[in-house]
Structures are given as C-alpha cells and as structure tokens.
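Each chain is listed here by its residues.
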Amino acid sequence: MTLDLKIDGPDSNHRADDLPQGVLGKASDRPDGWAKVAGSATYAAEETHDDLLHGFLVRASGVGTVNCPNIDAIKEMPGVRAVLRDKRMVRNAAQGTANKAPVQGVDRAEYVGQPIALVVAQSFEQARHAAQTLTVTISSQEAPITPEAVTPETPEDKQTIIGDLEQAMSDAAFQINAVYTTPSMISAAMEPHAATAQWDGTTLTLRGALQMLRFNRNELADSVGIDPAQVRILAPYVGGGFGSKLGISADCVAAALAAMELGQPVRVVQHRRQVFEVNTRRSETRQHIRLAADAEGHLTGLGHAALVSNLPQEGFAEPVLQGSHFAYAATNRSLEMQIARINRPAAGSVRAPGEAVGVTAFEIAMDELAEVTGIDPIDLRLRNIPEKDPESGKPFSSHRLKQVLKTGADAFGWSSRRAAPRQQREGEWWIGTGMAAAFRVNSIMKAEARIRLSKDGATVESDMTDIGTGSYAIYRQIAAELLGLPLDKVNVRLGDTAFPPGSGSGGSVGAASTGSAVWLAAMEIRNQLATRLGCREEALTLKDGGATFDNQHQSLGDILTEQPLVGHGRVEPGEAAEKVRQSTFGAHFAEVAVSDVTGEIRVRRMLGCFAAGRILNLRTARSQCHGGMTWGIGMALTEEMTHDRRDGHIVNRDLAGYHLPVNADVPALEVHFVEERDDWAGPMQAKGIGELGICGAGASILNAVYNASGARVRDLPATPDKVLAALPN
Ligand code: MOS
C-alpha cells in the first residue's frame, strides 16, 4: 500500500516531536561508516568482472573539427579491442533531466578536454598507452574563450526590474556601487567519475558514480537509445559529488556503448585531469552590486547584475541572483542576468549553485554598506529583514535570520569586536573579525521509498544516493523512530534503480524529500499495524520492538506473521511551493590574521549558526556545515580554476594546482543550530542543510580581512598579491 503526500500547505502536527524511540534528531553514527573506514565499501572504479575490459577516454586538444588520422593503427596495438568514436558517446553532462539531443559530438570539439574517443583494451595500461598514442588533430576555428570576447545573451525571463533603482541611488543617503568577481571553480569530489557497464541480453547494468539515479537512468537510456526499463544503475557508495555527478557523465555512456559493442563488461575511470576537464565547472562570475540606503541604513534600492558563462546551447546559467531576490527588503530593485557563450568546459551546478557565489559577493557589499553608514553589520542586516518576499509578496514559510544572527553573535563574542579596521596587531599580523548572512532556497522534490517490516526488523529501500551526506544514517533514524525499533534493527539499502525512485542527492533536497518518503512508508506500516490490532494509528506507541495500545502491550514478533508488512511512501511538491517563499538561513563569523608583510591570510576560527527546520541528525548536519564552511575558506582564499586565455584550457587541472583548503588551512569550526519547525517543509518540518554552509561563508572571511587590515578584496580569491595591493599604505 502506498501513502501519498502532496505538500500543499503547512503541517503543524509535529508528530516527530514526541515519538518514543528517541533516535530522530540525535547525533547518530553512519551505518556505512565502518565499511568506508575499513575499505569494504566499494566504489564504482573498484567494480570488477572476470572478463572486464578497460576503456580510456581521449580528450580534444583544441576547439574545432576533430580528426584521428592513425585510428586504424591504434586498433592493431597490443590488447586493443576497439576505438570508439560514437556520436552518442558524449552526452552533455546534463543537470538532472534528459536533454533530447547531445550538445557535443565527437567530430567537433567545443572545448579543450571534451571526450572525443574511447580506447578499449584488455588491460588498463594497454588502453591508456593506446589512447596516448592516438593522434588527435584539430582544425582550429576561431572560438570565443573569454567572457569579454562576446556580446552576452540577456535572457528575458531572468530580469527583475521593480521601481526605479537609478532614482533610489541618486536619492540615497548612502550608497555602494562596486564590482565583484569570482573565478571558475571545480566540484573536486574525492572519488573520480567512473563507470562499469555490463549487458545481459538487452538489459544494461551500470555501476556508476552518480547523484541522481532516477534521472541518470533516463539520461543513460536516452543516450544509448534504449528504454529506461532496460537500464539498471547501481551507486550504493559515492565519494562526493558537489554537483559534478548530477548528470550522466561521459564515462558512463562510453562504457555502456563499448560494452554493448564488445559483448563484455567495460570499465571507464576518469583520471584526475579528466575529472577537471570533462565534468561541469562552476562558472566564473562578474557581479555588479548597487545598494542605496537611507540615513538609518534601510535599503531603498538594490541592484545585482551578474555575468556568467557557458558553452553555446547549454541550458544552465549559474543562478547568481537566487538569494538576492529575497534576502533583503528594498522597494527599488534591479536584478539582471547575462550569459556569455564561450568555449570553456561546460558550466553546471557546483555546491549551492547561485547563492554560493551570489550571497558571498552580496554580503561583502553589505559589509561595505555597514562601513559607510557606521552601523554594526549585524544591526544593518536586522534592519533590512523583509516582512514578506520582497518581489512576489508571498509570506516566508519561516524566517530565522534574526535568531541565527543573534545566537551566532553571542556564541562568537561579537560584542567585543572593534568596529574600525586596523585596531589589533600581533607582530606582523593584523587581527580582525567579520560576519556574513547565509541564505539558500529550499524545496521538496518528488521521492519514493519502501519499507518492509518483518520479525527481524525493517528494511528501507530507495534509489536515493548517499554521497557522503548521511542518507543511510538519517533514513535509518526516521524508520527506527516511527516503527519503534532500535537503530540496529533497521537496514537501509540505497543506490539501486531497482528500488523505488528517490529524490537523488542534489539541491540539498535528499534528507527532507526522500526522508519524507521514508516517513510516509513507515506511517503506512503503522496504519497496517493499527488495523491489525484494532486501534487508531495515533493510539499506537511503538518502542523497542513492542507495541502499546489501549492498555495492552505486544511485541512486534507476536503481531507480525511470516509475511512482512510492506509500506510504500511517496511525496511530491504541491501548492506549498507556490504559496510561500521557503529558505534556510545562517550567520557566519570569522576571525582572521592578515600578514602586513606578505599579504597572507590565516583563518583563526569560524563559527556558523544555521536554521533549517528540524535537524534530523545532529552529527551529519554539523558535518555538512563543516564542509560548507571549509569550502568557504577555499572560495575566499585559494580556489581558482585558471583558463588559458588562448584556448580556454584549464591550466591548473589537478589537486596540486587547484588549491582546496587542507587541514592546515582549516581552524576549529564551530557549528550551532537554531532548532525550528518549518510547517511547510513536509511531515518532519525539516529543510535541506547540505548547501547552506557554503553560502556567504567566504564573505565572513573577507569581511574579517577588511576589519583586520583595511584591505578590501572584491576579486576572489584573496591571494596574497591582491591583499598586498589592497592594504592601505
Ligand atoms: Mo548540488 S550542486 O545540487 O549537487
């Protein structure tokens, strides 16, 4: 039986508040933790078969028409079984939904690094050697490589003009008018993209490194030209995604085609440089921000114009303005997007697409406004909290910016801060603090899950993935809580399209969306138990494997027969998404030291305070925020993908040249939550937290850099050269 829920309105029952098992919300371990630490959790590149063949992707070395003049000789090399140059091979690394036609083929390269062939051989070494021996020639065509080289598109549906910003700017008591830039960035998941494909008659089984299996299945079927019912995808363990595994990747399609042609299983693993070039990056952005304020610091005008880039025909544009639409009140508003069509690797979603860079730039601008108005940065934000969505007029489902700002400020010790820059010095180091607000849109996605309850315990199944986020842990808690079972009596099985389709891991929707489906499946089983026992579901207390109802007690073992109870849950977004504006909120605080001699920045401590509805697992939620704040350090200080200005190729395409924060860069990170119930967020009143932690995090650091040293850096990352140039003499 299926329990269906369309989220049309608020749910103020708060059933999860007083369930007796007491496991939901706790800092619960990951059931997959041991397998991962012990190495028994296998990843896509470790999948093996007796007759496994190895495929190696070949990439384009330029933009233009591609030729492989020695392809016939390569086919004769030792161990080589095939050199595939199939148009279907290179799907656009889509954004979770199937595009009907591939954007890129193999005959023309749109960017340096585009896969244009797959060499398949008996051994990995033979495949790699042959791939490196394959000559790739490019008849170069002039292609735009930098955003400045083209007239950008101005998509009509991405412009919001309300009131008269120009007038507001000229009438303003205070104004900010500045340009901020952020570079190309990479998801940099630890696990490289990899796939092993195997055909059994007309059925394709693919072990992949993917985030959104229900969509990936359609994309793969569409690429290969078969029915989705013929495709099974497995991804029980995924070593990080951060957006780069949202769409089907080149290794998957190539492996599937090669396995079909050769009648043997084929594995394709991207090496690190391929991971950088072949998968989607975060677009560079140029953001022109204008703020107009009255004498009390109330915003009267707000302008945010963003220029981003992508390949010709790509549907995705980094949604830089997503947070600016609702973060602050201002009557006069101008939010404009432009897209430059250039021949750099495809741009797509990278952790918190939009707000990660948009809120970061905007929160630096807010710090600049605080400076010129002489208003404390927290106070400035409090004065500009909108009563309702400033553009649509819809109410907020819940709004906790004020609470996270105050709780965070107290925990950080904000009140002892010196407002003026350059007040504290230790040797060569200027010391200072800064803050920024965080916003991230929230939504529920369609999701299904199934639970079987037998005498031995419960099994939860969904094709949902766990990309290191804690899905296994959270669904175990939800099922255990509702069914009154100890955690070790609940087994969670994920990452298999043979299971009911979950939400997938994207847009921070996994915990609340697939979690709600698990909730509903468990609720359906509670209904069945109540019917069997002749009581109302609400009268049923399930705890530690026993059922108490109407002054009676029975163990589940006695109630259940050999036939397990099966509950199916399905959730989908309804009118709620139209009726209210829904967001999560946060406040970041940072203390930094800035060398007056070298311009080096050291983050000394960071504190984040977040509100995202009910926190389902304190430990995994905190870990998500630690991760987001760490990415904030990278965005502020070091992360930058450099494109060669001649052909757009990524110069620093490995983890030695692309500087992610490592342990030595990351100080103690403190995370606090403001617990809340967002009634519009489904049966658990829980929102997504995965991406909130990065939004604005880098701004708190750069605002602290200004407070410490007086250096205002608007061109991210704030490398020492930029800091030195910005330091007051
Ligand atoms: Mo996320 S960037 O939607 O994986």
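Scroll up to find the structure this text is about.
Residues take numbers from 1 onward in each chain, read along the sequence in its written order. Totals for whole chains, interfaces and linings use every residue, but because this is a predicted model, local features are given only for residues with pLDDT of at least 70 and side-chain atom pairs only at 80 or more, for both listing and counting. Side-chain metrics in this entry use all non-hydrogen atoms of the structure; hydrogen atoms and water are not considered.

Visitor: Give a description of the overall build of the protein that names residues and reports values.
Guide: Numbering goes from the N terminus for both helices and strands, where a helix is a DSSP run of H or I of at least four residues and a strand is a run of E of at least two. Helix and strand counts for the protein come out as 17 helices and 28 strands. Only the C-alpha atoms count toward the radius of gyration. The rule for a globule is 2.2 Å times the residue count to the power 0.38. A globule of 729 residues ought to have a C-alpha radius of gyration of about 27 Å, and the protein, at 26 Å, matches this closely. Referenced to the eigenvectors of the C-alpha coordinate spread, the extents of the protein come out at roughly 80 × 75 × 50 Å. Only protein chains enter the accessibility calculation, which uses a 1.4 Å probe; a residue whose area is less than 20% of its type maximum is buried, one above 50% is exposed, and one in between is partly exposed. Taken over 729 residues, the protein has a buried fraction of 60%. The criterion used for residue contact is that any of the two residues' heavy atoms lie within 4.5 Å. Across the protein, contacts joining residues at least 24 apart in sequence account for 82% of those joining residues at least 6 apart. Here the protein contributes 72 positive and 87 negative side-chain charges, whose respective centroids are spaced 2 Å apart. Counting rule applied: Lys, Arg positive; Asp, Glu negative; His and chain ends not counted. Charged side chains are reduced to one point each, which is NZ for Lys, CZ for Arg, CG for Asp and CD for Glu.

Visitor: Tell me what's going on with empty space enclosed by the protein, and back it up with residues and numbers.
Guide: Over the atoms a probe the size of a water molecule is rolled, and this reveals where empty space is left. Here a cavity denotes grid points, spaced 1 Å and computed from the protein atoms alone, that fit a 1.4 Å probe unable to get out, and a pocket denotes an open set having protein on both sides within 12 Å along at least 5 of 7 lines; residues with an atom within 4 Å of a point are the lining. Grid points are joined across faces, edges and corners, and a volume is the space filled by probe spheres set on the points. Considering all chains together, one arrives at four cavities of 30 Å³ or more under this definition. In terms of lining residues, the second largest cavity is bounded by Met185, Ile186, Arg282, Val350, Arg351, Trp631, Met635, Glu639, Tyr658 and Ile694. Any residue outside Ala, Val, Leu, Ile, Met, Phe, Trp, Tyr, Cys, Pro, Asp, Glu, Lys and Arg is labelled polar, Gly included; the first ten of those are nonpolar and the last four are charged. Here the residues of the lining of the second largest cavity sort into seven nonpolar, no polar and three charged.

Visitor: Give me the lowdown on the packing of aromatic side chains, citing residues and values where you can.
Guide: Stacked, tilted and edge-to-face are the three classes applied to pairs of Phe, Tyr and Trp rings, where Trp contributes its six-membered ring and a pair requires centres within 6.5 Å; stacked means planes under 30 degrees apart, edge-to-face means over 60, and tilted covers the rest. For the structure on display, the rule yields 13 aromatic pairs. Ring centres of tyrosine 237 and tyrosine 472 lie 6.1 Å apart, and the angle between their planes is 40°; this geometry places the pair in the tilted category. Remark: tyrosine 472 occurs in helix H11 (residues 471–483) and tyrosine 237 occurs in the loop between strand S12 (231–234) and helix H6 (250–262); sequence separation between them is 235 residues. A centroid spacing of 6.5 Å and a plane angle of 65° characterise the contact between phenylalanine 396 and phenylalanine 585, whose relative ring orientation is edge-to-face. Placement of the pair is phenylalanine 396 in the loop between helix H9 (377–383) and helix H10 (401–412) and phenylalanine 585 in strand S26 (residues 583–595), with a sequence separation of 189 residues. Neither phenylalanine 396 nor phenylalanine 585 differs from the other in exposure class; each is buried. Put simply, the rings of Phe326, Tyr328, Phe362, Phe396, Phe439 and Phe585 touch in pairs and so form one group of aromatic residues. Only lysine NZ and arginine CZ atoms are considered, and such an atom sits over a ring when it is within 6 Å of the ring centre and within 35 degrees of the ring normal. The aromatic ring of phenylalanine 215 is capped on one face by arginine 214, whose charged end is 5.9 Å from the ring centroid. Directly above the aromatic system of phenylalanine 412 lies the positively charged group of arginine 605, at a separation of 3.9 Å from the ring centroid.

Visitor: Can you explain the sheet that holds strand S21 (residues 490–493)? Please cite residues and give values.
Guide: One requirement defines pairing of two strands: DSSP has to find at least two bridges between them. Strands sit in the order S1-S25-S19-S20-S21 across an open sheet of five strands; the sheet is mixed. For this open sheet the edge positions go to strand S1 (2–7) and S21, each flanked by a neighbour on one side alone. Each strand axis lies, on average, 15° off the axis of its neighbour in the sheet, ignoring direction. In this structure, strand S20 (residues 457–461) lies alongside S21, joined through four bridges in parallel fashion. Considered in S21, the bridge of alanine 458 is made with valine 490. Sheet strands touched by H11: strand S19 (447–454), S20 and S21. Its angle to S21, the strand with the most contacts, is close to 140°. Helix H12 (residues 510–533) rests against S1, S19, S20 and strand S25 (565–573) of the sheet, and its axis sits at about 140° to S25. For helices, the axis comes from a line fit to the C-alpha atoms of the stretch in contact; other axes are also lines fit to C-alpha atoms, and the angle between any two N-to-C directions lies between 0 and 180 degrees.

Visitor: With reference to specific residues and values, describe the side chain of serine 187.
Guide: Following the sequence through the fold, serine 187 ends up in the loop between strand S9 (174–182) and strand S10 (194–200). Using a relative accessible area of 1% as the deciding quantity, one classes serine 187 as buried. Looking at serine 187, its side chain comes within polar contact range of the main-chain nitrogen of serine 244, at 3.5 Å. Residues contacting serine 187, with those up to four places away along its chain left out, are Gly241, Phe242, Gly243, Ser244, Ser349, Val350 and Trp631. Here a polar contact is recorded for every N or O atom pair within 3.5 Å, except that within protein the pair must consist of a potential hydrogen donor and a potential acceptor, and residues adjacent in sequence are included only if both atoms are side-chain atoms.

Visitor: Can you break down the sheet that holds strand S22 (residues 541–543) residue by residue, with the values?
Guide: Pairing is antiparallel across the open sheet formed by three strands, whose spatial order is S22-S23-S24. The two strands at the open ends of the sheet, each matched to only one other strand, are S22 and strand S24 (552–555). Between one strand and the next, the sheet's axes are offset by a mean angle of 20°, whatever the strand orientation. Both strand S23 (residues 546–549) and S24 contribute to a ladder of four bridges, which runs antiparallel. Looking at the pairing, phenylalanine 549 lines up with glutamine 552 of S24.

Visitor: Lay out the environment of glycine 574 in plain terms, naming residues and giving numbers.
Guide: Within the secondary structure, glycine 574 sits in the loop between S25 and helix H14 (576–579). Classification of glycine 574 by relative accessible area gives buried; the value is 15%. When the C-alpha positions of glycine 574 and glycine 9 are compared, they lie 8.0 Å apart, and in sequence the two are 565 residues distant. In contact with glycine 574, other than residues within four places in its own chain, are Lys6, Ile7 and Asp8.

Visitor: Account for the pairing of strand S27 (residues 601–611), naming residues and giving values.
Guide: The buried fraction of S27 amounts to eight of the 11 residues, a majority that puts the element mostly inside the structure. One ladder, built from 10 bridges, connects S26 with S27; its direction is antiparallel. Looking at S27, one finds that histidine 588 is bridged to glycine 608. Where S26 folds back on S27, the antiparallel hairpin that results is connected by five residues, among which glycine 599 adopts a positive phi of roughly 80°. With six bridges connecting them, S27 and strand S28 (residues 668–673) associate as parallel partners. Bridge assignment links glycine 608 to a residue of S28, and that residue is valine 671. Where the polypeptide runs from S27 across helix H15 (residues 618–637) and back to S28, its parallel neighbour, the crossover connection is right-handed. Looking down the strands as they point away from you, a crossover is right-handed if its path from the first strand over the helix to the second goes clockwise.

Visitor: So, the pattern of salt bridges: which residues are in play, and what are the values?
Guide: Between Lys or Arg on one side and Asp or Glu on the other, a salt bridge is scored when a side-chain nitrogen of the former is within 4 Å of a carboxyl oxygen of the latter. Here the structure, examined in full by the defined rule, presents 48 salt bridges. The partner of aspartate 107 in a salt bridge is lysine 87, with the nearest N and O atoms 2.6 Å apart. Within this pair, whereas aspartate 107 is found in the loop between strand S4 (80–84) and strand S5 (108–109), its partner lysine 87 is found in the loop between S4 and S5, the two being separated by 20 residues in sequence. On the accessibility criterion, lysine 87 (53% relative accessible area) is exposed. Across the pair lysine 722 and aspartate 715 runs a salt bridge whose closest N-O atoms are separated by 3.5 Å. Sharing partners across several salt bridges, the network here consists of Asp17, Arg614, Glu675 and Arg677.

Visitor: Let's hear about H11: which residues, and what values?
Guide: Under the convention used throughout, the expected extent of a helix is 1.5 Å for every residue step, that is, one less than its residue count. Taking 1.5 Å of rise per residue, 13 residues should cover 18 Å, and H11 covers 18 Å from first to last C-alpha, within 8% of that figure. With respect to burial, H11 is a largely interior element, 13 of its 13 residues being buried. Immediately beyond the C-terminal end of H11, within one or two residues, lies glycine 484, with a positive phi of roughly 65°.

Visitor: A description of the side chain of serine 505 should follow, citing residues and the corresponding values.
Guide: Within the secondary structure, serine 505 is located in the loop between S21 and H12. The class of serine 505 is buried, set by a relative accessible area of 8%. A distance of 2.7 Å separates polar atoms of two side chains, one belonging to serine 505 and the other to threonine 465. Each residue touching serine 505, except ones within four places of it in the same chain, is listed here: Gln211, Met212, Leu246, Met464, Thr465 and Ile467.

Visitor: An account of the packing of helix H5 (residues 213–224) against H6 is requested, with residue identities and associated values reported.
Guide: Running from amino to carboxyl end, H5 crosses H6 at an angle of 50°, the nearest separation of the two axes being 10 Å. It follows that H5 is oblique to H6 by the angle criterion. Considering only the axes of H5 and H6, their crossing is right-handed. On H6, the residues touching Leu220, Ser223 and Val224 of H5 are Cys252, Val253, Ala256, Leu257 and Met260. A breakdown of the residues in the contact of H5 with H6 according to their chemical character gives seven nonpolar, one polar and no charged. For classification, angles of less than 35 degrees are called roughly parallel, those exceeding 145 degrees roughly antiparallel, those between 65 and 115 degrees roughly perpendicular, and all remaining angles oblique. Two helices that cross are described as forming a left-handed crossing if the nearer one is turned anticlockwise from the farther one by less than a right angle, and a right-handed crossing if clockwise.

Visitor: A description of unusual backbone geometry should follow, citing residues and the corresponding values.
Guide: Backbone torsion omega between leucine 716 and proline 717 reads -5°, so that peptide bond is classified as cis. For proline 717, the location among the structural elements is in the loop between helix H16 (697–709) and helix H17 (720–726). Although it is not a glycine, alanine 188 adopts a positive phi angle of roughly 55°. Topologically, alanine 188 is positioned in the loop between S9 and S10. The exposure class of alanine 188 is buried, given its relative accessible area of 12%. For alanine 352, which is not a glycine, the phi torsion comes out positive at approximately 55°. Inspection of the secondary structure assignment puts alanine 352 in the loop between strand S16 (332–341) and helix H8 (355–373). Classification of alanine 352 as buried rests on a relative accessible area of 0%.

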